[in-house]
Amino acid sequence: MEDDVILRVKDLKTYFFTDNSVLRAVDGVSYALHKGECMAIIGESGSGKSVSALSLLRLISYPPGLIVGGEVLLNGEDLMKYNDEQIQKIRGSRISMIFQEPSTSLNPVATVGAQIVENIVTHTDMSKEEAWKEAVELLTRVGIPSAEKRAKEYPFQFSGGMQQRAMIAMAMSCKPDILIADEPTTALDVTVQAQVLEQLDSLRREYGTALIIITHNLGVVARYADTVRIMYGGRIAEEGTTEEIFRNPRHPYTMGLIRAVPRLDLPKSHGLYSIEGEPPDMSRIPPTRCAFANRCRYATQRCMTERPDLEAVNDKHSCACFNQEAAQEERKTLP
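Residues numbered from 1 in each chain as written. Predicted model: local features only at pLDDT ≥ 70, side-chain atom pairs only at ≥ 80, totals over all residues. Heavy atoms only, no water.

1. Here's the deal with the pairing of strand E1 (residues 5-17)
Defined as follows: Here the rule is simple: two strands pair whenever DSSP picks up at least two bridges between them. A run of H or I in DSSP becomes a helix once it reaches four residues, and a run of E becomes a strand once it reaches two; helices and strands are each numbered from the N terminus.
As paired strands, E1 and strand E2 (residues 22-34) are joined by ten bridges and run antiparallel to one another. What sits directly across from Val-9, in E2, is Tyr-31. Between E1 and E2, which follow one another and run antiparallel, lie four residues. Taken together, the eight bridges between E1 and strand E4 (residues 65-74) define a ladder with antiparallel strand orientation. The residue bridging Phe-16 from the neighbouring strand is Gly-65, located in E4.

2. Concerning helix H8 (residues 190-207)
Worth spelling out the cut-off: Helix span, expected: 1.5 Å multiplied by one less than the number of residues in the helix. Three labels apply to residues, based on accessible area from a 1.4 Å probe with only protein chains included: buried if under 20% of the type maximum, exposed if over 50%, partly exposed otherwise in between.
Compared with an ideal rise of 1.5 Å per residue, which puts 18 residues at 26 Å, H8 spans 26 Å between its outermost C-alpha atoms and is within 8% of the ideal. Those residues of H8 that fall on the buried side of the exposure criterion are Val-192, Gln-193, Val-196, Leu-197, Gln-199, Leu-200, Asp-201, Leu-203 and Arg-204. After H8 finishes, the residue Gly-208 shows a positive phi value of roughly 75°.

3. Examining a nonpolar patch on the surface
Counted only if it meets this: Each patch is built from salt-bridge-free residues with over 30% relative accessible area, joining like charges within 9 Å and nonpolar side chains (Val, Leu, Ile, Met, Phe, Trp, Tyr) within 5 Å. Method for areas: the Shrake-Rupley scheme with a 1.4 Å probe, in which residue coverage is limited to the protein chains shown. Salt bridge criterion: a side-chain nitrogen from Lys or Arg within 4 Å of a carboxyl oxygen from Asp or Glu.
A cluster of nonpolar side chains, Phe-17, Val-22, Tyr-62, Leu-66 and Val-68, forms an exposed patch at the surface whose accessible area comes to about 430 Å². Position of Val-68 among the secondary structure elements: in strand E4.

4. Some thoughts on the sheet that holds E1
Across the sheet, which stays open at both edges, the four strands sit in the order E2-E1-E4-E5 with antiparallel pairing between neighbours. Sheet topology places E2 and strand E5 (77-78) at the edges, where each strand pairs with a single neighbour. Here E4 runs beside E5; their pairing, made up of two bridges, is antiparallel. Considered in E5, the bridge of Leu-74 is made with Glu-77.

Geometric descriptors of this kind do not, in isolation, establish any biological role.
Next comes the structure, spelled out in structure tokens:
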């Protein structure tokens, strides 16, 4: 439904400039995010996942980074046209972000409660006393015991899992329209990962917040995401509903990611699959060719001279590949 689109990104481009080259970290990304949707962005390191998310909030530092083009429409308003004061009001209120490392995102010289209170007071009409009560309530809801006491403690007194829960509480403190979670469980053990993700999903459903999860964990995607965007070389290589992507992957890169997941139903002799080659250097690969061509077993001369655009496979699925039919045929023969 077009009327429930809360965020529309159009041809977003973010480049990093050095003395000798231009690195196209995000090179024409477009998508729509619906109210209450959980969207996953998948890709290996350097694919442009985090930079695309930071670009939404204009958190790209210049030099060397610069958003050189595109639109980011929040309820129809282009955030790229906002001045610094206007975009500051959006951050933490209508769009919040949970960063990869909570230990480096929290202020080490301010108590956890004070940091949550600051965000609430900045973006709402609450008094500090009301904001403190709200902060304690939020910490309780994300599973932090003795929240009144822990709110007066500093980040170094929290474990990694507790720090991430505090970040979630801070991000949800103003009931944002959109929450961006950039690899929110990277530094956590498996048990805590599950708890944090369940908490995020619960809060998303309760508040009706749209959630963007940036991850390389396909298990997380399969469990929580409604839709998936596969990024490679600064662009979206494939997108669709989670069921479509896992049941019917079309892009050779997506197939490689899925094949690389360890399987217990195959003999040990099968080994672990890996995608050959190295991630592309987007400062060297021409924008007129497919970034995956050097690693793709189906690549043809056309892939070396043209860049494929996203084309619809069906109404729930799109793929950017000239040779997806050949890849599909071989996939049917694989275990």
